[in-house]
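Letter by letter, the chains look like this.
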There are 2 protein chains.
Amino acid sequence: MAITLVVNPGSSSKKYALYEGDRAIHSWRFERTGHGFESCVQIAGGQQTCNALPADDFTHAADTVAKTVRSWSIEETKVVSAVVVRVVAPGTFFQQHQPITDAFIRALRSREVTAPLHIPMMVREIESLRVAFPHIPLIAASDSAFHSTLPPVARTFSIHADTARELDIYRFGYHGLSVASVLRRVHSVTGQNPSRVIVCHIGSGCSVTAVLDGRSVDTTMGFAPGSGLIMGSRAGDIDTGALLALMRARALKPIDAERFLQQEGGLFGLARETDIRILLDRAAASEPSASDALAHFSYIIKQAIARMIVPLGGLDALVLTATAVERSAVLRTHILTRMESFGIIVQAERNDALVGKDGVISAKQSPVKVAVIRTDEMGYMAHVAQQLLTNEAKVVS
Amino acid sequence: MAITLVVNPGSSSKKYALYEGDRAIHSWRFERTGHGFESCVQIAGGQQTCNALPADDFTHAADTVAKTVRSWSIEETKVVSAVVVRVVAPGTFFQQHQPITDAFIRALRSREVTAPLHIPMMVREIESLRVAFPHIPLIAASDSAFHSTLPPVARTFSIHADTARELDIYRFGYHGLSVASVLRRVHSVTGQNPSRVIVCHIGSGCSVTAVLDGRSVDTTMGFAPGSGLIMGSRAGDIDTGALLALMRARALKPIDAERFLQQEGGLFGLARETDIRILLDRAAASEPSASDALAHFSYIIKQAIARMIVPLGGLDALVLTATAVERSAVLRTHILTRMESFGIIVQAERNDALVGKDGVISAKQSPVKVAVIRTDEMGYMAHVAQQLLTNEAKVVS
């Protein structure tokens, strides 16, 4: 059976996994830690084993993976038939899943100015993968493709329309792979096929998306993935007047402002910590900066849920996904408490009992079904790659 | 009886009015028009008379007003006892009504960098008033004082806390004078004293404020008055990543970016028109850019109403105020349609019948009472001045 290598590159972690259909059979994780780097390997359902890593190996993670894969190539069943990589880049061109060609890489490079902290890293990873897997189709799984259905009221920013068109400045949205992955499992978790759904992706990145009959109709992330909600170290949306005043007062260039917002903002900016688990512990120990940061974080998410009800005209189901809310019942309580006026009523026992697995946490009488569904970006990317190759094969034949 | 001169300075219009208690007895309006300038005068309930004006007279509007007032000074009843001017400036210091002293003017000048398109004009006006009315107490009516009650979750931006503190970057909010002025009349218009109220100020500037038991708990405008909702020519909140990408692509300095957002954004940016009445006409004539701009405008306001329900934990009354919604039943319909899931149900006949006056437009069965109440910033400023002088007199005596 065909094997797909799924690649999810980030600046502080890179994940690789081999999928046989929908099943992950081998996965690697390379991660910056407090002290340096580590790599972890897991084989189909087994225990994960981790090792410290020389810094250099983080850069060459793709090679390491390729070597392992090549060492298996004598076993015919384990030949990789496609490599698919998650692409996060502002631009209408990037709002679709597509084969990675030279033209694609040129387009990506031409957008470096829009995400200077992110795109160069992605280009390096793609080039490493092309070298490491030279004769295998390389596919871009777009993190914004799912939001290509946004209606004009949500896609448009209220800036000069000609400039928006010339510079391709629109709400592209991200976390699309995650949102699409959890939507596939709403029926199996809730037993229903709700029409009006809000998906909250709350991990180190955060977003809230409104989904009407399976299609994204609005989302909090805008042009760049640092926008929308407050996140681990990203400020999300703040007053542009405040940003310009700051740039003037501190004589910041756009790249400095970008760093200030992306790397020193969010929960880190408010409480010197990006890890929500640690913040929850600090808040439990009554530390004010941690409590205040979590209160602000939850407040902003609540407000985003409220405003996403507008394009839906009501709400049938609310889905929470990604690590922070999958792991912590306390965080879920922070976010969902005092939301009765929107029809959201959580049952405390159900919520407390659910850790790291899928399930429904709303009360029986809750007008809105609330479910926790684990994100599966990597599995969804394997699916995207297989679909794309099947369609291409059909077109060719 | 004591007379208060109320001054509302703007870059394209300046309003002056003499108040005897709560009653306007004489008012002036100086306005930039398509061709030049005009000045209009209205005497207590009479017809307004307008004349074209040399450009220079717009700058010296305060002198013109002072000359008229001085020509009356033989009549003892018409001696001005206080001059009060609306102040719109970012800063904790400016979040209170206060006498204008040299220190106040220095503080205002020191914040020029935060609102370079706005503060210099205000300083010039204040200095003209000091010259024109040399021995009369001059008072600042703060447009953000009403929002000084915002709780930390709403007041805080998710940026580095030390920087926010050093540069005094918080959500100050504006339109506070307008919001406070309509709250005073909610009971007389609705016959109720609702606890949870949302006030939508929709004029050439726009904002939505959540009011709990008379106190502001959140508002859409943030640090600077160009933030929050889309407005006539102001973009409101847009993705900071998009703004930085634009600044890089076009090599814009902060002041250029400010102009781009404040003067070429909003409805003007989307459809080349700041006047909502004209846009409504164009939309009625099926012109797509006008329809799209109005749809976006209404959508953003709807979403703001939805998110303001969060701090209130529900909604009892929604108040619409300021010229655009006072005048146009069609615009109100755009904004309030499809809001049933938030308990907002408008009765079409009531809405259509109400033009330029106060009234309730919600249906009998609407869980949320919806009222239109004309803004009275100037009257409220007279009230602020009288209160402040009375209190000072008490402190002194």
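Criteria and thresholds
- Residues numbered from 1 in each chain as written.
- Chains lettered and ligands numbered in written order.
- Predicted model: local features only at pLDDT ≥ 70, side-chain atom pairs only at ≥ 80, totals over all residues.
- Heavy atoms only, no water.
- Helix = DSSP H or I, 4+ residues; strand = E, 2+ residues; numbered from the N terminus.
- Rg over C-alpha atoms; globule rule 2.2 N^0.38 Å.
- Contact = heavy atoms within 4.5 Å.
- Areas by Shrake-Rupley, 256 points an atom, 1.4 Å probe, with all protein chains shown as cover.
- Lys, Arg positive; Asp, Glu negative; His and termini not counted.
- Charge placed at Lys NZ, Arg CZ, Asp CG, Glu CD.
- pLDDT = per-residue confidence, 0-100.
- Buried area = accessible area lost by both parts, 1.4 Å probe.
- Salt bridge = Lys/Arg side-chain N within 4 Å of Asp/Glu carboxyl O.
- Polar contact = N/O pair within 3.5 Å; in protein donor to acceptor, adjacent residues only side chain to side chain.
- 1 Å grid on protein atoms, 1.4 Å probe; cavity = no way out; pocket = protein on both sides within 12 Å on 5 of 7 lines; lining within 4 Å.
- Points joined across faces, edges and corners; volume = space filled by probe spheres on them.
- Nonpolar A, V, L, I, M, F, W, Y, C, P; charged D, E, K, R; others polar.

Digging into the overall build of chain A
Inference 1: For chain A, the count of helices and strands is 17 helices and 14 strands.
Inference 2: Rg of the C-alpha trace for chain A: 21 Å, near the compact-globule value of 21 Å for 397 residues, within the 12% margin.
Inference 3: Counting only C-alpha atoms, chain A reaches 60 × 50 × 45 Å along its principal axes.
Inference 4: In chain A, 63% of the contacts between residues at least 6 apart in sequence involve partners at least 24 apart.
Inference 5: Per element, the accessible surface of chain A, about 15700 Å² overall, is 52% carbon and sulfur.
Inference 6: If the 40 positive side-chain charges of chain A are averaged to one point and the 38 negative ones to another, these points end up 2 Å apart.

Thoughts on the confidence of the model for chain A
Inference 1: Per-residue confidence for chain A averages 93 on the pLDDT scale, and 97% of its residues sit at or above 70.
Inference 2: Here the predicted complex carries an ipTM of 0.95, next to a pTM of 0.96.

A short note on the interface of chain A and chain B
Inference 1: Counting residues at the interface gives 68 residues for chain A and 68 residues for chain B.
Inference 2: Counting each side, the surface lost to burial between chain A and chain B is near 5900 Å², with a carbon and sulfur contribution of 65%.
Inference 3: Where chain A touches chain B, the interface holds 6 salt bridges.
Inference 4: Viewed at the interface, chain B and chain A are joined by 29 residue pairs in polar contact (both at pLDDT 80 or more).

Concerning empty space enclosed by the protein
Inference 1: Under the criterion given, the structure shown has 3 cavities of 30 Å³ or more.
Inference 2: Roughly 760 Å³ of volume is contained in the largest cavity.
Inference 3: As for the largest cavity, its lining consists of 41 residues, of which Gly228, Asp237 and Arg307 of chain A together with Asp237 and Arg307 of chain B are closest to the centre.
Inference 4: Those elements that place two or more of their residues in the lining of the largest cavity are α5 (152-155) and α13 (288-312) of chain A together with α5 (152-155) and α13 (288-312) of chain B.
Inference 5: Across the lining of the largest cavity, the residue classes break down as 20 nonpolar, 11 polar and 10 charged.
Inference 6: Volume-wise, the second largest cavity comes out at about 30 Å³.
Inference 7: If you go around the second largest cavity, the residues you meet are Ala224, Gly226, Ser227, Glu258 and Gln262 of chain A together with Asp239, Thr240 and Gly241 of chain B.
Inference 8: The set of elements that each furnish at least two residues to the lining of the second largest cavity consists of α10 (254-263) of chain A together with α9 (240-250) of chain B.

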